[in-house]
Amino acid sequence: MDSGKTMSHDMKKEEKRLAKLGETILRMEHIDKGFGGAPVLQDVHFDLKAGEVHALMGANGAGKSTLMKVLCGVYLPDKGTIEHNGRVVPLKGTVADAQADGIAMVFQELNILPHLSVLENIFIANEIVKKSGIYDWKAMRKRAKEVMAEVGIDLDLDVRAGELPVAMQQMVEITRALNLESNVLVLDEPTSSLTMQETEQLFDLIARLRKRGVGMIYITHRMSEVYQISDRITLLRDGKNVFTDEIANVTNQRLLEGIVGSKQTNQFPEKNREIGDVIFEAKNVTVPGLYEDVSFHLRKGEILGFAGLAGAGRTEIAKTIFGVYHQTNGEFIYNGKVLKVHSPVDAVRQGIGYVSEDRKAEGILAVRPIRENMSVANMHHLTGKIGIKKAQEKKETQEEIDGLKIKCAGMEQTIERLSGGNQQKVCLGKWLMSKPKLLLLDEPTRGVDVGARADFYRIIQNLVKEDIGVIVISSEEDELIGLCNRIIVMREGKKVGEFDDTETDLKQKMLKLMLDI
């Protein structure tokens, strides 16, 4: 982009958006897509109006992300047409073409380049160039600050993106999408890594984008967000349309029944109430700069939850137990002995598993098959004298696929081809396959739909009945209350409260401590 043409270019884009406010700017018709012979989308229809937020919902494997990847040029459809701004879009299957046409997507999995600066990430493949052919860093810096001001954040443009917390990396992605000046913006689970304050900033931004005529497709499993910001809802199930309707006509029960496919919408199984002795304990543990003087215990048969805002210290505690961080003070007691873990390898050998909140960076090998993703943490019992026990590896992998109801074309399918929720199931299955004694679940249902969450909760409850210690970290208070026997509340690196699940007005009390109000 020539910096001298930026202003006139922006004005034309703005006029284009305002001219189409309220009109249909996107139409997808008869979309089919399959992988390895397994149909993922079947005759799907979707449309979007300028200035609206259109929620796209459905179970894991329903086809939401696949449909949007077809729209954004990641996948070529097997059949169907896409019409944008009144013209049929050539289906070339490239992201660059979609972006040039004014369609951008903030993916559920972070897609930053960690070794590059924030500024470089914002302008990747969209650099402003001087007439001499040299990058105009001054113009890019100016534009980046304008876009960030619109988002409501203030980032150091020179810091490496990989050094930012997950929540801020998500904001970098949103900034990059907005910088493309798109009039169709796809947001795939955009608040999954954001704090309450950051979520409200995002919603404020969405309101401003509405007025500019930007159409937004909003994918989320958080139904409260759908009712808060959406105008219409399209629901998919098993790769097919269920309904499209105005938000005012869609009750919570109708949506739940549509997602699940039945009237059985209760998510949480009965909790185990046979609580035994302490099996794990933290005594005055401190990791400088992350959290300080934290103490808690976990009893046999119970699920212990950790609540708090992003950066409160919850994930850091789990990673210390797992050997990623090392405490300078305090100790962990595991089955009556002081726990000594120098690395994640040590943790695995001692029967500790960790399902990360950042699935893409820490949980999966994206281009490898499901089988390898399952077995990677289990080489200690799958390796024989002459190599990997292939038959046992396949048997145990298939057992986890069946038990977790993972939707796939088979264990040799690459994990990147799965929906986000099914990828999360593989991450959980990997550790279940290792027969852990202590399992740390950090945002275990992130990106998991309503129907599949019930399966997750049932599996987690069954773990404690098998004498596995379970600690759950979640940003969803209702999930912690429905799943856990006790809940620790963290704020700014300190433990500020602890509640039994029988506490009256529990959610309100948790929020007061989390927000310090």
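Here the structure is a predicted model, which means the values were calculated and not measured.

Asks: Can you lay out the packing of aromatic side chains for me, pointing to particular residues and giving the numbers?
Replies: Counted according to the given criterion, the structure contains nine aromatic pairs. Judged by centre distance (4.6 Å) and plane angle (20°), the rings of Phe-268 and Tyr-457 are stacked. Residue Phe-268 is found in the loop between helix 9 (252–260) and strand 11 (278–287), and its partner Tyr-457 is found in helix 17 (residues 450–465); the two are separated by 189 residues along the sequence. With a relative accessible area of 24%, Phe-268 lands in the partly exposed category. Consider the rings of Phe-280 and Tyr-334, whose centres lie 6.2 Å apart with planes at 70°: the pair is edge-to-face.

Asks: Outline the pattern of salt bridges, listing residues and values.
Replies: Counted under the stated rule, the structure contains 30 salt bridges. Put simply, Asp-47 and Arg-232 hold a salt bridge, and the shortest N to O gap is 2.7 Å. Remark: Arg-232 occurs in strand 9 (residues 232–237) and Asp-47 occurs in strand 2 (residues 38–49); sequence separation between them is 185 residues. Take Arg-232: its relative accessible area is 8%, and that puts it in the buried class. Note that Glu-372 is salt-bridged to Arg-371, the shortest N-O span being 3.8 Å. With relative accessibility at 10%, the residue Arg-371 sits in the buried group. Here the salt bridges do not stand alone but share partners, grouping Arg-368, Arg-371, Glu-372, Lys-390, Glu-393 and Glu-412 into one network.

Asks: Explain the sheet that holds strand 4 (residues 79–84) to me, and be specific about the residues and the numbers.
Replies: Read from one edge of the open sheet, four strands run 2-1-4-5, paired in antiparallel fashion. A single partner strand is all that each edge strand has here, and the edge strands are strand 2 and strand 5 (87–88). Direction of pairing for strand 4 relative to strand 5: antiparallel, over a ladder of two bridges. Bridging from a neighbouring strand, His-84 pairs with Arg-87 of strand 5.

Asks: So what about helix 16 (residues 420–432)? Which residues, and what values?
Replies: If you check helix 16, its first and last C-alpha atoms are 19 Å apart, about what 13 residues at 1.5 Å a residue would give, namely 18 Å. Most of helix 16 sits out of view: 13 of its 13 residues are buried.

Asks: Report on the domain arrangement of the protein chain, specifying residues and quantitative values.
Replies: For the protein chain, the domain assignment lists domain 1 (18–260), domain 2 (266–351 + 436–516) and domain 3 (366–434). Centre-to-centre separation of domain 2 and domain 3, based on C-alpha positions: 25 Å. On the side of domain 3, 13 residues touch domain 2, which itself brings 17 residues to the contact. Taken together, domain 2 and domain 3 are joined by one salt bridge. One salt bridge connects Lys-405 with Asp-455, and the closest N-O pair in it is separated by 3.8 Å. In this assembly, domain 2 and domain 3 are joined by two residue pairs in polar contact (both at pLDDT 80 or more). Counting residues per element, the ones that place at least two in the side of domain 2 that touches domain 3 are strand 19 (438–442) and helix 17. Looking at the side of domain 2 that touches domain 3 residue by residue, the class counts come to 11 nonpolar, two polar and four charged.

Asks: Quick rundown of the sheet that holds strand 15 (residues 337–338)? Include the residues and the values.
Replies: One open sheet accounts for four strands, arranged 12-11-14-15; its pairing is antiparallel. The sheet terminates laterally at strand 12 (291–299) and strand 15, the two strands that pair on one side only. Where strand 14 (residues 329–334) meets strand 15, two bridges bridge the pair, whose relative direction is antiparallel. When the bridges of strand 15 are listed, Tyr-334 appears paired with Lys-337. Against the sheet, helix 10 (residues 314–321) engages strand 11, strand 12 and strand 14, with an angle of about 70° to strand 12.

Asks: Outline the pairing of strand 21 (residues 486–491), supporting the account with residue identities and numerical values.
Replies: In terms of residue burial, strand 21 counts as a mostly covered element, since five of its six residues are buried. Of the pairings in the sheet, the one linking strand 13 (residues 303–307) to strand 21 comprises four bridges and is parallel in character. Bridging across to strand 21, Gly-305 finds its partner in Ile-487. The pairing of strand 21 with strand 22 (residues 494–500) spans six bridges and is classified as antiparallel.

What counts and what doesn't
- Residues numbered from 1 in each chain as written.
- Predicted model: local features only at pLDDT ≥ 70, side-chain atom pairs only at ≥ 80, totals over all residues.
- Heavy atoms only, no water.
- Phe/Tyr/Trp six-rings, centres within 6.5 Å; stacked < 30°, edge-to-face > 60°.
- Helix = DSSP H or I, 4+ residues; strand = E, 2+ residues; numbered from the N terminus.
- Buried < 20%, exposed > 50% of the residue type's maximum accessible area, 1.4 Å probe, protein only.
- Salt bridge = Lys/Arg side-chain N within 4 Å of Asp/Glu carboxyl O.
- Pairing = 2+ DSSP bridges.
- Expected span 1.5 Å × (residues − 1).
- Domains from an automatic or database assignment.
- Contact = heavy atoms within 4.5 Å.
- Polar contact = N/O pair within 3.5 Å; in protein donor to acceptor, adjacent residues only side chain to side chain.
- Nonpolar A, V, L, I, M, F, W, Y, C, P; charged D, E, K, R; others polar.
- Axes fitted to C-alpha atoms, helices over the stretch in contact; angles between N-to-C directions.

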